Structures are given as structure tokens and as C-alpha cells.
Amino acid sequence: MKSWKKLFVACVAAVQLFTVVPVFAAEGTTNTEVSGTVETDKSSNTAEDSSNQEEKQLDKKQDNKQVSQARVQSVLPGEYDKNVVVLIADSNKIYQDGVEYTSPQPITVKKGVSYIAIRSLIDRFGFKLDFDNKTKETIIKNGDKELRYKMGSTDYRVNGVSTKMKGASYISNSVFMVPVTSAMDAMAIPYKWEQASKRIIIQLSAKPVAKFKVDQKDIIAGETRVTFTDQSTHPRGRQIVEVDWDGNQEIYDQPGTYTVTLRVRDEDGEWSDPYSQTITVTRPHTPPVASFRTDKTTYKIGEPIKYDDFSSDEEDTDLKREWVNKQPAFFEPGEKTITLKVKNKYGLTAEVSQTISVTDEVLYTLDDFNKLFTPAGDVYPVDGPGILDMQVITPKVTKEKRTLYRSNSPETVKADGILYQDRVAGGARIFAHHINKTSSNMRFYILVQNVSDEPTTLSVQHVGIAGPSTSPQQTGKMGTVRYFESFADEKTTETYLKPNEMKIVVPELNQISFKPEQVYTLYADFNADSTVEYTVVGIDANKDVFKALPNLPFLAKDEHIRGTYDDADITFTVDESVGEKVGRLVLADSSQDISGSDMITLEDQRNKGNYGVLYRIRLNKVAPNTLISFNSRGGSYSGGMLVNGKTVQTPTNGSLKSPNESSVLYRTGDYEESVELLFSSAAGSNLPVNLVFTPLPKPKS
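Residues numbered from 1 in each chain as written. Predicted model: local features only at pLDDT ≥ 70, side-chain atom pairs only at ≥ 80, totals over all residues. Heavy atoms only, no water.

Another point: the pattern of salt bridges. Overall, the coordinates contain 31 salt bridges when judged by the stated rule. Across the salt bridge formed by E242 and R265, the nearest N and O atoms sit 2.8 Å from each other. On the criterion of sequence distance, the pair formed by E242 in strand β18 (residues 240–246) and R265 in strand β19 (residues 256–266) is long-range, its members being 23 residues apart. Look at E242 and you get partly exposed, because its relative accessible area is 32%. A residue is classified by how much of its surface remains accessible, and R265, at 23% relative accessible area, is partly exposed. One salt-bridge network, held together by shared partners, links D132, E137, K141, E146, R148 and R157. (Salt bridge = Lys/Arg side-chain N within 4 Å of Asp/Glu carboxyl O. Helix = DSSP H or I, 4+ residues; strand = E, 2+ residues; numbered from the N terminus. Buried < 20%, exposed > 50% of the residue type's maximum accessible area, 1.4 Å probe, protein only.)

Time to look at the sheet that holds strand β25 (residues 334–343). Hydrogen bonds along the backbone pair up the strands of a sheet, which may run parallel or antiparallel. Taken in spatial order, the 4 strands of this open sheet run β22-β26-β25-β24, and their pairing is mixed. Because the sheet does not close on itself, it has two edges, and the strands there are β22 (298–301) and β24 (320–324). The sheet shows a mean angle of 30° between the axes of neighbouring strands, taken without regard to direction. (Pairing = 2+ DSSP bridges. Axes fitted to C-alpha atoms, helices over the stretch in contact; angles between N-to-C directions.)

Time to look at the packing of aromatic side chains. The tally for this structure, following the rule as stated, stands at 29 aromatic pairs. Plain terms: the ring middles of F212 and Y275 are 5.3 Å apart, the flat faces sit at 90° to each other, and that makes the pair edge-to-face. Of this pair, F212 sits in strand β15 (residues 212–214) while Y275 sits in strand β20 (residues 275–282), and the two are 63 residues apart along the sequence. Between F228 and W245, the ring centres sit 5.5 Å apart and the planes meet at 45°, which makes this aromatic pair tilted. (Phe/Tyr/Trp six-rings, centres within 6.5 Å; stacked < 30°, edge-to-face > 60°.)

Turning to empty space enclosed by the protein, a few remarks are in order. In the structure shown here, the tally under the stated rule is 1 cavity of 30 Å³ or more. Residue lining of the largest cavity: V75, L76, G78, E79, Y80, D81, V84, V86, Y95, D97 and G98, and that is the complete set. Tallied by class, residues from the lining of the largest cavity come to 6 nonpolar, 2 polar and 3 charged. (1 Å grid on protein atoms, 1.4 Å probe; cavity = no way out; pocket = protein on both sides within 12 Å on 5 of 7 lines; lining within 4 Å. Points joined across faces, edges and corners; volume = space filled by probe spheres on them. Nonpolar A, V, L, I, M, F, W, Y, C, P; charged D, E, K, R; others polar.)

Looking now at the side chain of N450. Note that N450 resides in strand β33 (residues 442–450). Of the polar contacts made by the side chain of N450, one reaches the side chain of S452; its length is 2.6 Å. A distance of 3.3 Å separates a polar side-chain atom of N450 from the backbone oxygen of K498. In contact with N450, other than residues within four places in its own chain, are P455, T456, L497, K498, P499, N500, E501, S530, T531 and V532. (Polar contact = N/O pair within 3.5 Å; in protein donor to acceptor, adjacent residues only side chain to side chain. Contact = heavy atoms within 4.5 Å.)

This paragraph deals with the confidence of the model for the protein. Per-residue confidence for the protein averages 88 on the pLDDT scale, and 89% of its residues sit at or above 70. This stretch, residues 1–71, has a pLDDT under 50; its non-local contacts, to residues over four places away or in other chains, come to 83 contacts. (pLDDT = per-residue confidence, 0-100.)

If you look at the biggest cluster of nonpolar residues, it comprises 44 residues, and the most contacted ones within it are I617, F679 and L691. Every element with two or more residues in this core is listed here: α7 (472–489), β39 (569–578), β40 (583–587), β43 (614–622), β44 (626–632), β45 (639–643), β48 (673–679) and β49 (689–695). Examining the composition of this core, we find that 5 residues originate from one element, β43, more than from any other. Ignoring anything within four residues of it in the chain, the contact list for F679 reads F484, L587, A588, V613, L614, Y615, I617, F630, Y637, M641 and V689. Judged by nonpolar contacts, the second largest core, of 31 residues, contains F444, F526, V532 and Y534. (Core = buried A, V, L, I, M, F, W, Y, C linked by side-chain atoms within 4.5 Å.)

Before going further, it helps to examine the environment of V664. The topology assignment puts V664 in strand β47 (residues 661–667). A C-alpha to C-alpha distance of 8.0 Å links V664 and P651, two positions 13 residues apart in sequence. Not counting residues up to four positions away in its chain, the partners in contact with V664 are T374, P375, A376, G377, D378, Y380, L627, I628 and V648.

Moving on, we come to the sheet that holds β40. Taken in spatial order, the 6 strands make up an open sheet running β27-β47-β44-β49-β40-β28, and their pairing is mixed. A strand with exactly one partner marks an edge of an open sheet, and here the two such strands are β27 (379–381) and β28 (391–392). Those strands touched by helix α5 (residues 366–373) are β27, β44, β47 and β49, and its axis lies near 45° from that of β47.

Cis peptide bonds are those with omega within 30 degrees of zero, and the linkage from S409 to P410 qualifies with 5°. In this structure, P410 sits in the loop between β30 (403–407) and β31 (412–413). The omega angle of the peptide bond from L687 to P688 is 0°, so this bond is cis rather than trans. Backbone geometry places D97, a non-glycine residue, at a positive phi of 55°. Take D97: it is sitting in the loop between β2 (93–96) and β3 (99–102). In this structure D97 comes out as partly exposed when scored by relative accessible area, which is 38%.

In terms of burial, helix α4 (residues 180–187) is largely enclosed, as 7 of its 8 residues are buried. Those residues of α4 that fall on the buried side of the exposure criterion are V180, T181, S182, A183, M184, A186 and M187. Backbone geometry just after α4 places A188 at a positive phi near 60°.

Structurally, I118 is set in helix α3 (residues 118–125). Along the backbone, I118 and S103 are 15 residues apart, and their C-alpha atoms lie at a distance of 9.6 Å. For I118, the residues in contact, after removing those within four places along its chain, are T138, I140, Y149, F176 and V178.

Counting buried positions along β33 yields 8 of 9 residues, so the element is predominantly enclosed. Two strands pair when backbone bridges link them, and β33 and strand β37 (residues 519–540) are joined in this way by 9 bridges, in the antiparallel orientation. Within β37, the residue paired with V448 across the bridge is Y534.

Attention now goes to the environment of D569. Tracing the backbone shows D569 in strand β39. Judged by its relative accessible area of 12%, D569 falls in the buried class. Once the C-alpha coordinates of D569 and K399 are considered, the two residues, 170 residues apart in sequence, prove to be 5.7 Å apart. Among all residues touching D569, those that are not within four sequence positions of it are T398, K399, E400, R402, R429 and L614. There is a polar contact of 2.6 Å between the side chain of D569 and the side chain of R429.

So this is what it looks like as C-alpha cells:
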């Protein structure tokens with residue numbers, strides 16, 4: 001009786017052992033089938049008697065016993081070819097080239113996905129192991145492949161590309177486990193599943209892999225010294241001890257196509273398959289051709305010279321040109337030699353010269369020539385003190401409703417904080433000009449919050465942003481130029497704001513990271529349906545503005561100006577005829593400064609220089625053949641204006657350095673015209689300025 005009980009208990013134990021052993025299934029295949037299941041006899045005859053059922057159960061037990069024995073069966077020497085790794089399901093035994101090794105964790109199956117300890121991949125496959133503390137990723141590398149795993153994730157990255165796995169990586173007994181086939185597939189290592197023995201048979205390539213790159217992009221026959229970088233690898237980390245090149249040359253004498261082949265041998269004596277690349281060798285580049293001509297060979301003093309440039313290059317590339325003694329006219333008689341030098345993208349150069357004669361006869365004086373022929377935006381010399389003797393034109397002045405929000409203090413920002421803040425209803429213009437004086441990168445933000453009880457729509461109408469730069473005058477100039485260019489675009493963006501909602505506007509500004517000592521200038525026109533609060537913020541570039549805002553202080557002002565000012569659109573209308581005799585119109589002098597308040601300190605403020613104010617100058621009667629020029633009275637000036645809808649820089653290059661220089665804005669033709677000009681004081685420049693009206697000399701031939 002006791003013997004019968006012992007036999008019964010043994011049978012039950014065998015059945016339980018079989019049921020707890022998981023069925024191995026790999027989650028993907030590369031070559032042959034890798035998934036496997038234990039087939040059981042599923043009979044459709046439900047009327048079988050109990051003796052047949054018992055017989056089938058005994059058969060199943062016997063099958064399960066054989067499978068269990070197969071799992072723990074050792075790999076026999078010589079059972080597999082060389083360079084084979086054998087993994088056995090639910091066993092921590094790994095066989096490589098017939099030698100038994102122990103894994104820190106068994107090959108484990110969870111929900112049909114087979115897992116291996118990542119340490120075993122390193123030990124048995126020769127992969128390299130690393131860890132990224134920043135991303136918390138475990139890294140394995142082999143040749144040119146890099147795999148990145150993160151604990152608990154079903155994704156892993158292969159050379160930076162996120163790839164899905166059929167199971168999530170995990171940690172068991174302090175051992176990091178990953179799906180077996182994630183590594184095999186990514187590394188292109190072939191494997192197969194042996195159903196009977198429940199083994200994964202992995203074939204490790206014994207061959208090294210040859211690869212190289214050509215270091216030079218353009219190879220010129222007879223000139224380029226060609227080098228090749230060997231990028232060969234071995235899938236098992238074996239050392240490469242020999243290389244065999246074919247077709248590689250240091251210098252290729254003739255143009256054409258050449259095939260270069262590389263083979264490499266590893267320390268075991270195995271040669272790689274050949275790797276080849278075809279390279280193209282081009283013929284030597286030829287220098288460009290420098291060529292120009294003048295419309296005549298003999299000129300009078302002050303006679304305009306027309307130059308036609310016929311320079312060319314074999315590839316029609318953009319040539320760099322350098323002129324020597326190219327003058328729009330000469331004002332001394334004699335032989336004049338003009339030279340043109342050109343350079344192509346390959347550094348090859350050419351030059352050509354032409355000599356012309358200038359007679360003693362005078363066509364135009366220098367002063368008359370400059371008035372007639374200086375291009376718009378260019379600078380010409382003037383009698384600075386003499387301009388003050390000209391008649392001052394008095395316009396009719398009207399002001400339009402537009403609130404100026406000037407954020408220019410502290411101009412030098414030395415800490416994170418709020419630079420200016422105020423509430424404005426309707427039309428507003430923000431003029432902001434700040435320099436990063438901290439030791440780290442900063443970002444500047446324009447924030448708008450709807451402080452009314454109703455939704456509102458905010459329109460951004462005109463925007464000009466300049467920076468980053470270390471030159472305040474340069475950003476001031478380009479800020480005004482881009483502001484006026486936006487008038488031609490007529491692009492309006494709208495932002496919807498719910499009650500109490502705050503948003504970033506003009507995101508082009510905060511997308512820039514300003515380094516220490518870099519400056520920006522901004523001009524932007526807004527219009528809101530109701531009262532909104534504008535806030536200008538400067539903070540460390542790595543901080544979140546909305547998280548930082550509640551704790552930001554209001555920064556103290558410096559010697560510069562900030563404040564809120566009404567009536568910031570000023571129109572000058574001149575109905576009398578101008579240009580029949582010399583005259584000047586004064587802009588942005590102290591008599592025109594508008595008044596307002598610093599709404600942080602509640603101090604009264606005068607907007608010295610009217611920076612941020614938009615002047616609209618309407619000249620209804622400009623005489624025929626009138627030169628309108630721009631003259632700075634306060635010192636160096638660099639900005640822009642809008643003239644009859646066209647942006648003109650004042651000046652195009654550099655700056656007006658003194659009152660003895662003017663830049664050309666516009667010339668009327670043979671008939672009376674109306675001219676409209678828009679002006680706003682450029683940050684970083686000096687004021688006031690004058691618009692000068694001068695009758696043009698009569699043309700001569």
C-alpha cells in the first residue's frame with residue numbers, strides 16, 4: 001500500500017513539474033523559425049472512456065518527462081559547428097564552441113518572450129557594455145551598432161532609432177534581462193529554434209567585415225592627395241591583423257572612375273568578403289575669367305562711368321569680386337586704371353585691368369555729381385554747419401491713439417527678472433532694447449495676459465527683431481529696418497486669450513539664446529480687444545518662464561528710460577511746396593519728446609529722443625527734381641526709413657559718422673509729387689536728425 005502511494009505521489013509531481021515549465025518562444029525570427037510550443041493530443045471525441053483518458057494522461061506525462069530531460073541535456077562536444085552559441089530555455093547553461101558557461105540568470109520566458117541576462121551578451125558574444133547616467137540607458141556595442149535599453153521599456157534604440165520589442169526589459173535578482181532576439185536582430189546575427197531540445201542555436205560569424213571611407217569629397221586628377229579611413233570591424237571583437245587594398249592611389253593622374261577594394265584578415269586567419277567603392281576623379285579646375293568694360297574710353301571730369309562686368313567661371317559659381325579704383329566718376333584729369341580681381345569657390349583667381357582717359361573739361365562738380373547720382377542709401381559729404389542755416393519747415397502735427405510701451409531700462413540686464421510691466425487697452429507698440437550682462441545665456445520673453453473678464457483677441461501687426469549682436473547700434477538699425485519691411489508684408493497674427501490666460505507672443509524673440517554681452521532690439525505693434533497686461537522678462541536660457549515668473553523680481557532701472565506713453569503715433573503733414581529751395585525738417589529733437597510714466601516706480605517720465613515713436617511724414621507737394629536726404633545732427637546714426645512703401649537704410653553700409661555726411665532717401669522726377677515717409681528713432685544711434693530738401697542741378701550731357 002505504501003509503495004502504491006509513493007508511485008501516485010511521484011506521478012502527480014511529474015505532472016506539476018511539466019505544467020510549471022514555460023514553453024519557449026522567441027519574439028521574432030531572422031532566418032528559420034524560432035518560436036516553439038509543446039504539442040499535446042487534443043481529441044475531439046468527448047465520449048472516450050476513462051481508461052483511454054488515463055492512457056492519454058500517461059502519454060502526456062511521458063512526453064513532458066522527455067522534454068524536461070531534453071532541457072537539461074548537455075551539449076555534446078562536436079555536436080555543433082565552430083562559432084556556435086547554444087541557449088537552452090529555462091537553463092542558465094550556455095554553450096559556446098562546445099564549452100559550457102554559466103549565465104547569471106537562466107534564459108527566461110515571460111508571456112512568450114525569451115529573455116537573456118545582458119551580462120551574457122557581453123561575455124559570450126564579445127559585445128561592449130556601457131551605461132548613460134544622463135538617460136539611464138544600458139548600452140551594448142558591437143562594431144558600428146549601438147543598442148540602448150531602458151529598464152521597464154518595450155522600446156530600445158538601435159543607432160539612435162527607437163525600435164519596438166515584444167517585451168519590456170526588467171531586472172531580476174539584480175540582473176538586467178532583455179529580449180534575446182532584440183540583440184540578435186539588431187546585430188544581424190542569424191539564429192534558429194530547435195523544437196525537440198528547446199534550444200536557440202546562434203551562428204556567430206567568424207569573418208571580419210571590411211569597410212572604409214574616402215576622406216576627400218572632391219578628387220581632382222593630379223592634384224588631390226587622397227586618403228582612406230579604414231572602418232573595418234569584427235562581429236566578435238577579434239583583432240584585425242592584415243589589410244589588403246586594391247585600386248587605392250595617393251594621387252590619381254587621370255580623370256575617370258576608379259574602383260577601390262579592401263579585404264581584411266583577423267587574428268584567426270579568416271578573411272573578410274571584399275568591400276568596394278567607386279570614386280570619381282574630375283579634371284583639374286580652371287581659373288575664372290575676369291572681364292569688364294566701360295561704356296567709353298574717354299570721359300570728362302564728373303562724367304558718370306558705366307561698368308559692365310562679364311566675368312565668368314566654368315561652373316557658373318558665385319565669384320567674389322574685388323575692384324580697384326572703380327569710381328562712379330573721376331574729378332581729376334589724366335589716365336585712370338581700373339582693375340577687377342575675381343575668385344571662384346576653389347580659390348582660383350584672375351584679374352583684368354582697363355585704362356581710361358579723363359579730360360580737363362568739367363561736366364559736373366563733385367557736389368553736383370553726388371546730388372544727382374549717389375544711389376539711395378549711400379553716403380555723400382555735405383556742409384554740416386551750412387545745413388543749420390537752411391529754412392526749417394514747420395509741419396502740421398497730429399497724434400493718433402497708440403500707447404508706447406518702452407522697455408529700455410535696465411538696458412544692461414544683470415540678473416533674472418521682470419524688465420517692465422503694464423496694462424494697455426487697444427493699440428500698443430513695444431520698443432525693447434536690452435543687453436545680457438549676466439555670466440550665462442539668457443532668453444527674453446514678451447508675455448501677454450488677458451486681465452479682463454471676457455475673452456480677447458490680440459493682433460500682432462508689425463514686428464522688427466534684431467540680434468543677437470554685440471553692437472547695440474547694429475541691432476538698433478536692423479530692428480527699424482525689419483520693422484519697416486514688415487509694413488510691406490502686411491502680415492498679421494492673432495492670439496486668442498481666455499480671461500486670465502497668459503501666453504507668449506512674438507516667439508521669434510525667445511527662440512534666441514543670448515550669450516553674455518549680446519543685445520537685441522524689438523519693435524512690435526499690437527492691438528487688443530480689451531485690456532491686457534504686457535510683461536517683458538529676461539531669464540536664464542535653461543529656465544521655464546512660466547515656472548519662474550511667480551518668483552521673479554522687478555529689476556531696478558538704470559540711467560536709461562522705460563515707461564508707458566500715450567499718443568505714440570505722430571503725423572507731420574506739410575502742405576506747402578518743398579524742394580524749390582533748400583530746407584530741412586527736424587525729427588526727434590527734445591521739443592518733440594512725449595511724456596508718460598514708469599508704471600513700476602510710478603514716476604513721471606519723458607521719452608527722450610522719442611525712441612519707439614512712429615513718425616508718419618506726409619509731404620503733399622514736393623517740387624520736381626528734388627533730392628531728399630537724411631542728415632544726423634547728434635553724431636553717429638544707423639537706421640532705416642520707409643519711403644513711399646520702400647525700405648531705405650540710413651545708410652546702407654556702416655553709419656553716418658557726423659553732421660558732415662548725408663545719405664540719399666529719394667529723388668523726385670520731372671513732375672511734382674507727394675511723398676510719404678515713416679521714421680522711428682533707431683536704438684543705439686544719436687538724435688536729432690534732419691530731412692534735407694535740395695533742388696537738383698540740371699542734367700548735362
